[in-house]
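Coordinate analysis (summary)
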Amino acid sequence: MTTLVDRAIAALRANHDALAALVPTLSDQQLRDRSGAAEWTVAQALSHLGSGAEISRKPIAIAAGEHVEAEDNQAIWARWNASSPSDQAAGFVKHNAAYLDTVAGLSVEQRDLPINLGFLPEPVPLVVALGLRLNEVANHAWDVRVGVDPSATVEPDSAELLIELFGGPLAFLLGFSSKPDQLEQEVRLAIPGGGITITDAITVAGTVDDPTATFEGPAEAVVRLLTGRLGAEHAAGVSVTGNVTLDELRKVFPGY
């Protein structure tokens, strides 16, 4: 039986493979071009993913019994920020591969160990740690690729899995990133394979009763909506009908 952990690792691998194939083809100018993240270049988005891989690997490796040298996150970010664009890109490939080697090499027993991420109030199951990493990787991988190709999309399997995770282990994340108070009315939005209910909180589920609105577009566009990446310039073929507009939904999900 394929578990959420297995699927998350596979999705992380798919994103890595796509970026690892792209990085060597990028010119110095492309690395300096704007990414899908408004304040970052393509190289800076890769740097964020690379430093994130380095930081995210440590608590998982520690839980598995590996001795890991201590280094403050601020020092890690400073080191990455001081690197050249080409070194940031190459560093991403190296450190993200190391992260994947660590999580893929966990034994059955190690997969059950709690992971202390350091920024949450208590240790979390591995699926939460992997889900948080996938949310970062899938969306920032899009940031990188759309800086090179305006028609880029979020990796399809990652998108479907993230919607499922937002309805389960990652439900808490939408509580931090969304602003349901931007709407005056309740919205029950039908999306591919499920629905999003917006009241005083956000709920993602496999079904939605009596939808008040419908999102027409692929699952990857839903993920980009939830993470603030469905601007008008990247919303071709997407529409919303019913008691809410796409512009109103963008205010609910301003992104990160």
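Presented here is an overview of the structure given in this document. Keep in mind the model is a prediction, meaning the values are calculated, not measured.

Let's shift gears to the pairing of strand β3 (residues 202–205). Side chains I202 and V204 of β3 all project onto a buried face; the interleaved residues T203 and A205 project onto a face where none is buried. Relative to β3, strand β2 (residues 194–198) is paired through 4 bridges, and the arrangement is antiparallel. Following the sheet pairing, I198 is matched in β3 by I202. From the end of β2 to the start of β3, which pair antiparallel, there are 3 residues.

This brings us to the nonpolar core. Counting 74 residues, the largest nonpolar core has L46, L130, L189, I196, I198, F215 and F253 as its most contacted members. When residues in this core are grouped by element, the largest group, 13 residues, is from helix α6 (residues 126–146). Here I196 is in contact with V187, R188, L189, I191, I202, T203, V204, V222, L226 and F253, once residues within four sequence places are set aside.

In the structure shown here, the tally under the stated rule is 1 aromatic pair. Residues F172 and F176 carry aromatic rings whose centres are separated by 6.4 Å and whose planes lie at 85° to one another, so their mutual orientation is edge-to-face. Linking F172 with F176, this pair stays in helix α8 (residues 171–177), spanning 4 residues, or about one helical turn. Take F172: its relative accessible area is 31%, and that puts it in the partly exposed class. The exposure class assigned to F176 is exposed, which follows from its relative accessible area of 68%.

Moving on to the sheet that holds strand β4 (residues 213–216). Either a parallel or an antiparallel arrangement is found when strands of a sheet pair, and the pairing is made through backbone hydrogen bonds. Reading across the sheet, the 5 strands line up as β3-β2-β1-β4-β5 and stay open at both edges, with mixed pairing between neighbours. Of all strands in the sheet, those with a lone pairing partner are β3 and β5 (239–242), marking the two edges. Across this sheet, the average inter-strand angle for adjacent strands is 20°, counted without regard to direction. Across the sheet, helix α9 (residues 219–226) is in contact with β1 (187–191), β2 and β4; its angle to β4 comes to roughly 115°.

Throughout the structure, instances matching the rule amount to 9 salt bridges. Measuring nitrogen to oxygen at the nearest pair gives 2.7 Å for the salt bridge that ties R79 to E54. Note that R79 is positioned in helix α4 (residues 73–81) and E54 in helix α3 (residues 42–63), a separation of 25 residues in sequence. Residue class for R79 comes out partly exposed when judged on its relative accessible area of 35%. Taking relative accessible area as the criterion, E54 reaches 12% and is therefore assigned buried.

Basis of the calculations
Residues numbered from 1 in each chain as written. Predicted model: local features only at pLDDT ≥ 70, side-chain atom pairs only at ≥ 80, totals over all residues. Heavy atoms only, no water. Buried < 20%, exposed > 50% of the residue type's maximum accessible area, 1.4 Å probe, protein only. Helix = DSSP H or I, 4+ residues; strand = E, 2+ residues; numbered from the N terminus. Pairing = 2+ DSSP bridges. Core = buried A, V, L, I, M, F, W, Y, C linked by side-chain atoms within 4.5 Å. Contact = heavy atoms within 4.5 Å. Phe/Tyr/Trp six-rings, centres within 6.5 Å; stacked < 30°, edge-to-face > 60°. Axes fitted to C-alpha atoms, helices over the stretch in contact; angles between N-to-C directions. Salt bridge = Lys/Arg side-chain N within 4 Å of Asp/Glu carboxyl O.

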